[in-house]
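Take a look at the letters that make up each chain.
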Amino acid sequence: MANDDIDLIMQFNIMQNNMLEEWFTEPRRYMAQENPFDVLTDRQFMGTYRLSKVLVEELIDILLPFIKASNTLSVQRKVLTALRFYASGSYQQDIGEHRGAALSQASVSRCLTEVTEALNNPRIMNKYIHFPANLLELNIVRRGFYDKYSIPGIVGVIDGTHIAIVPPKSDDELYPEHIYVNRKGYHSINTQLICDSDLKILNVCSKFPGSAHDSHIWRLSVVQDVLRHLHTIGQTSYFLLGDSRYGLKPWLMTPIYEPLENSPEARYNKWFGKTRSIIERCNGVLKMRFRCLLKHRVLHYSPEKAASIINACVILHKICITNNLPLVNIEEREDIDLGIYNDLPVINYVNQINPELTAGKRYQQQIISRYFQ
């Protein structure tokens, strides 16, 4: 080897050693944390955390019994850190370097876990997300739909939406990787949502993998048991709207298969599509407000923790909708995948016979005859 080459190698090794020495001896960085309540305007605050200052203060009071402050982290700081993650969907390191947090990645992870677990506490979850528990509550929801869509009886619109997650371990006994691959080819949790006419989510089920069919999740739903019971005891004027993936029942109306143009059935389908689109708007508002749920953000957590994050965002969405908060600093984009699949054909039930389907077809025809002739 030539002497010139040896000299170059020696110089390179010296430079490399100097760089390593500087890296290991670099002083620890301390990030300055600012109080967002003081430094942000109301609009900036809402754009950063999605809730207003007043609502965040109320949320902190509600969560106080379920979150412990530490010597270095107040409950307020923990809640703000988690809210920033829900809103942006960034990596934990990015959240930690935000001036409202100024935390290490590990601290952000602990904050997110604590706040998410607190929001998933049954006392909190049931306070915000629950299907109407009595006829009075059902009638309030029913009236909301009637005032907007002119057909009595609707008490909710149902659909499944896919929330992207990182692949679980393929050999995981509880959460094997392959069952989370949905039919679009990515890993997800198929989350069932039921909303009212104001986009308030009445029911969420986030425990099924992406390969689970919407109708399977619905068959195991407590809400179906409630509605079936109501119809059994003669309270037959309450039903949901669902797309063609769901089986027609007296308590769940679906579209008509290939109706004749300008027929009553076609008019029913047009009304049906307009009314059912509310669940798509609900899903869009939920994910655009809490962008950690968007497909391209991907939840980098186990399915169990990802499901808890979904529930937490649904609760926060309910708070925002109830208080009429606008979407701030959020650009609508048509190319964003919101995880609702609408490319399945309408099912033809003509040759299918079972008692519940027969009763559903009869009830559906009564609606068409009364309102779409």
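Before reading further, recall that the structure is shown in the block above.
To start, this report covers the structure provided alongside it. Values in this document were obtained by computation on a predicted structure and should not be read as measured data. (Residues numbered from 1 in each chain as written. Predicted model: local features only at pLDDT ≥ 70, side-chain atom pairs only at ≥ 80, totals over all residues. Heavy atoms only, no water.)

## Digging into the overall build of the protein chain
Here is step 1: Broken down by element type, the protein chain carries 14 helices and 5 strands.
Here is step 2: When each of the 373 residues of the protein chain is scored for burial, the buried share is 49%.
Here is step 3: Summarising the internal contacts of the protein chain: among those between residues at least 6 apart in sequence, 70% fall at separations of at least 24.
Here is step 4: Looking at the protein chain as shown, the accessible area adds up to about 19400 Å², and 52% of this sits on carbon and sulfur atoms. (Helix = DSSP H or I, 4+ residues; strand = E, 2+ residues; numbered from the N terminus. Buried < 20%, exposed > 50% of the residue type's maximum accessible area, 1.4 Å probe, protein only. Contact = heavy atoms within 4.5 Å. Areas by Shrake-Rupley, 256 points an atom, 1.4 Å probe, with all protein chains shown as cover.)

## Regarding helix α14 (residues 355–371)
Here is step 1: For α14, built from 17 residues, the straight-helix expectation of 24 Å at 1.5 Å per residue is met to within 8% by its first-to-last C-alpha distance of 25 Å.
Here is step 2: Among all positions of α14, only Leu357, Gly360, Tyr363, Gln364, Ile367 and Ile368 are buried. One side of α14 holds all its buried residues, which, seen down the axis, span an arc of 140°. Along α14, exposed side chains directed more than 90 degrees from the buried face belong to Pro355 and Arg370.
Here is step 3: Buried residues belonging to α14 abut β4 (239–241), β5 (252–253) and α12 (264–289).
Here is step 4: One side-chain oxygen of the residue at the start of α14 lies 3.1 Å from the amide nitrogen of Glu356, identifying that residue as Asn354. (Expected span 1.5 Å × (residues − 1). Arc of directions from axis to C-beta. Polar contact = N/O pair within 3.5 Å; in protein donor to acceptor, adjacent residues only side chain to side chain.)

## Some words on the side chain of Thr116
Here is step 1: Structurally, Thr116 is set in helix α7 (residues 105–119).
Here is step 2: Relative accessible area serves as the criterion here: at 2%, Thr116 is assigned to the buried category.
Here is step 3: From its side chain, Thr116 meets the backbone oxygen of Leu112 in a polar contact 2.7 Å long.
Here is step 4: If we ignore the near neighbours within four places in the chain, the residues touching Thr116 are Tyr86, Ser308, Ile309 and Ala312.

## What to know about the nonpolar core
Here is step 1: Counting residues in each nonpolar core, the largest one holds 94 residues, and the members touching the most others are Tyr86, Trp218, Leu227, Leu240 and Leu299.
Here is step 2: A per-element tally of this core places helix α13 (residues 303–322) first, with 12 residues.
Here is step 3: Ignoring anything within four residues of it in the chain, the contact list for Trp218 reads Ile158, Gln192, Ile194, Val223, Gln224, Leu227, Leu240, Tyr246, Trp251 and Leu252. (Core = buried A, V, L, I, M, F, W, Y, C linked by side-chain atoms within 4.5 Å.)

## Quick look at the pairing of strand β3 (residues 201–209)
Here is step 1: Among the 9 residues that make up β3, 8 are buried, leaving the element largely enclosed by the rest of the structure.
Here is step 2: In this sheet, β3 lies alongside strand β2 (residues 188–195) in antiparallel orientation, the contact comprising 6 bridges. By the bridge assignment for β3, Ile189 is matched with Pro209.
Here is step 3: Count of turn residues in the β2/β3 antiparallel hairpin: 5 residues, of which Leu199 carries a positive phi of about 75°. (Pairing = 2+ DSSP bridges.)

## Some details on α13
An α-helix turns once per 3.6 residues; consequently, residues spaced three or four apart project the same way.
Here is step 1: End to end, α13 covers 29 Å across 20 residues, agreeing with the expected 28 Å (1.5 Å per residue, within 8%).
Here is step 2: Phi for Asn324, located one or two positions after α13, is positive at around 55°.

## Regarding the sheet that holds β3
Here is step 1: Taken in spatial order, the 5 strands line up as β3-β2-β1-β4-β5 in an open sheet, and their pairing is mixed. The open sheet terminates on both sides in strands that have one partner only, identified here as β3 and β5.
Here is step 2: With 2 bridges joining them, β4 and β5 adopt parallel strand pairing. Bridging across to β5, Leu241 finds its partner in Met253.
Here is step 3: With respect to the sheet, α12 is in contact with β1 (154–164), β2, β3, β4 and β5, its orientation differing from that of β1 by roughly 50°. (Axes fitted to C-alpha atoms, helices over the stretch in contact; angles between N-to-C directions.)

## Considering the packing of α7 against α13
Here is step 1: With their axes 9 Å apart at the nearest point, α7 and α13 run at an angle of 65° to one another. Both α7 and α13 take part in a crossing whose hand is left-handed. Taking contact as the criterion, the partners of Ser109, Leu112, Thr113, Thr116 and Leu119 in α7 are, on α13, Lys305, Ser308, Ile309, Ala312 and Ile315.
Here is step 2: Broken down by class, the residue content of the contact of α7 with α13 amounts to 5 nonpolar, 4 polar and 1 charged. (Left-handed = near helix turned anticlockwise from the far one by under 90°. Nonpolar A, V, L, I, M, F, W, Y, C, P; charged D, E, K, R; others polar.)

## Some thoughts on the environment of His162
Here is step 1: Locating His162 in the fold gives a position in strand β1.
Here is step 2: Separated by 24 residues in sequence, His162 and Tyr186 have C-alpha atoms that sit 9.6 Å apart.
Here is step 3: A distance of 2.8 Å separates polar atoms of two side chains, one belonging to His162 and the other to Ser188.

## Side note on the pattern of salt bridges
Here is step 1: Evaluated as defined, the whole model comprises 12 salt bridges.
Here is step 2: Linking Lys78 and Glu114 is a salt bridge whose minimum nitrogen-to-oxygen distance equals 3.0 Å. Of the two residues, Lys78 is situated in helix α5 (residues 75–88) and Glu114 in helix α7; the sequence distance between them amounts to 36 residues.
Here is step 3: Beyond isolated ion pairs, a larger network of salt bridges with shared partners links Asp159, Asp214, Asp243, Arg245, Arg276 and Glu280. (Salt bridge = Lys/Arg side-chain N within 4 Å of Asp/Glu carboxyl O.)

Geometry only, nothing functional implied.
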